[in-house]
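Structure at a glance
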Amino acid sequence: MGGIMKEAFIIAREEPITLNDINNRYTHNERKCNSYINKNIDLTKSKDNYHFTKPTKSYLSLFKEMIENNVFSTRKVPLNDKNTKIGSEIIIAVSADYLQSREEAIEFFNIANDFLNNYFSVTLSDGTVKNGKDLCLSSILHCDEKSYHLHYSTICCVASQIKKRRTKKEIAENKEPTIL
């Protein structure tokens with residue numbers, strides 16, 4: 001293996017998505033604002049941003065559509081509270097000098113995107129598997145700032161199976177608890 005190994009600093013962080021801020025995340029990530037507080041954003045380069053998963057409408061509209069299509073269950077999620085966490089935004093950034101081109105960044109972040117799609121996959125109590133891509137609102141590589149970074153926005157309020165405590169009879173018979 002030849003060549004010089006490049007050193008990089010990679011930062012990943014998770015920020016909750018709530019109903020209160022879902023529209024702000026959409027307008028920021030998809031570059032729908034007219035101006036930004038972040039002076040590192042060069043809107044003339046926003047056309048170079050790359051979608052691994054491109055939203056067909058606003059994040060809130062996609063979330064509501066997922067509920068209507070029974071993509072997941074919100075039965076244990078208090079949607080009347082605007083501060084309830086309904087999703088996560090994973091932001092992965094790499095040192096500014098590590099990636100030299102948009103093509104190199106796409107190749108690098110494609111691996112991260114695939115990992116996140118697998119990480120956010122869930123199996124529901126009825127055995128249905130929801131791939132992380134099914135729950136992803138958007139996965140966008142920002143190429144219009146000083147360093148390349150990925151915004152992966154996903155819904156994570158999927159109801160998982162809830163097991164109750166085993167009854168004395170179930171313990172005696174060495175049975176698993178009932179799934180509610």
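Conventions used here
- Residues numbered from 1 in each chain as written.
- Predicted model: local features only at pLDDT ≥ 70, side-chain atom pairs only at ≥ 80, totals over all residues.
- Heavy atoms only, no water.
- Helix = DSSP H or I, 4+ residues; strand = E, 2+ residues; numbered from the N terminus.
- Buried < 20%, exposed > 50% of the residue type's maximum accessible area, 1.4 Å probe, protein only.
- Contact = heavy atoms within 4.5 Å.
- Salt bridge = Lys/Arg side-chain N within 4 Å of Asp/Glu carboxyl O.
- Expected span 1.5 Å × (residues − 1).
- pLDDT = per-residue confidence, 0-100.
- Pairing = 2+ DSSP bridges.
- Arc of directions from axis to C-beta.

Remarks on the overall build of the protein chain
- Across its full length, the protein chain holds 5 helices and 7 strands.
- Reading the protein chain from its N terminus to its C terminus gives the helix and strand order β-α-β-α-β-α-β-β-α-β-β-α.
- Counting across all 180 residues of the protein chain, residues that qualify as buried make up 41%.
- Put simply, of all contacts in the protein chain between residues at least 6 apart along the chain, 68% involve residues at least 24 apart.

Quick notes on unusual backbone geometry
- With a phi close to 55°, Arg-31 is a non-glycine residue in the positive phi region.
- Considering the arrangement of structural elements, one finds Arg-31 in the loop between α1 (22-29) and β2 (50-53).
- The exposure class of Arg-31 is buried, given its relative accessible area of 12%.

Observations regarding the pattern of salt bridges
- Within this structure, the stated rule accounts for 9 salt bridges.
- One salt bridge in this structure joins Arg-25 and Glu-89, with 3.3 Å as the shortest N-O distance. In this pair, Arg-25 is assigned in helix α1 and Glu-89 in strand β3 (residues 85-94), connecting sequence segments 64 residues apart. Grouping residues by exposure puts Arg-25 and Glu-89 together as buried.
- Among the salt bridges present, the one from Glu-65 reaches Lys-57, with a minimum N-O distance of 2.5 Å.
- When its relative accessible area of 31% is taken as the criterion, Glu-65 is described as partly exposed.

Observations regarding helix α3 (residues 102-119)
- The end-to-end C-alpha distance of α3, which contains 18 residues, comes to 25 Å, matching closely the 26 Å that a straight helix rising 1.5 Å per residue would cover.
- Considered for burial, the residues of α3 that qualify are Ala-105, Ile-106, Phe-109, Ala-112, Asn-113, Leu-116 and Asn-117.
- Of the surrounding secondary structure, the elements contacted by the buried residues of α3 are β2, β3, α4 (132-135), β6 (136-142) and β7 (149-155).

Describing the environment of Asp-48
- Within the fold, Asp-48 resides in the loop between α1 and β2.
- Spatially, the C-alpha atoms of Asp-48 and His-142 are 7.8 Å apart, while their sequence positions differ by 94 residues.
- For Asp-48, the residues in contact, after removing those within four places along its chain, are Arg-102 and Cys-143.

Some thoughts on the confidence of the model for the protein chain
- Averaged over all residues, the pLDDT of the protein chain equals 84, while 84% of them reach at least 70.
- The weakest mean pLDDT in the protein chain belongs to helix α5 (residues 168-172) at 69; the strongest belongs to β2 at 98.
- Here residues 159-163 is modelled with pLDDT under 50, and outside its nearest four sequence neighbours on either side it reaches 15 contacts, counting other chains as well.

Brief notes about the pairing of β7
- Taking burial as the measure, the 7 residues of β7 include 7 buried ones, the bulk of the element.
- Burial along β7 is two-sided: the residues His-149, His-151, Ser-153 and Ile-155 and Leu-150, Tyr-152 and Thr-154 are all buried.
- Relative to β7, β3 runs antiparallel, the two being bridged by 7 bridges. Across the sheet, residue Ile-92 finds its bridge partner in β7, namely Leu-150.

What about α1?
- Along α1, the residues that are buried comprise Ile-22, Arg-25, Tyr-26 and Asn-29. Buried residues of α1, viewed axially, fall in a sector of 100°; they line one side.
- Packing partners of the buried residues in α1 comprise β1 (10-18), α2 (59-68), β3, β6 and β7.
- Following α1 by one or two positions, Arg-31 adopts a phi angle in the positive range, close to 55°.

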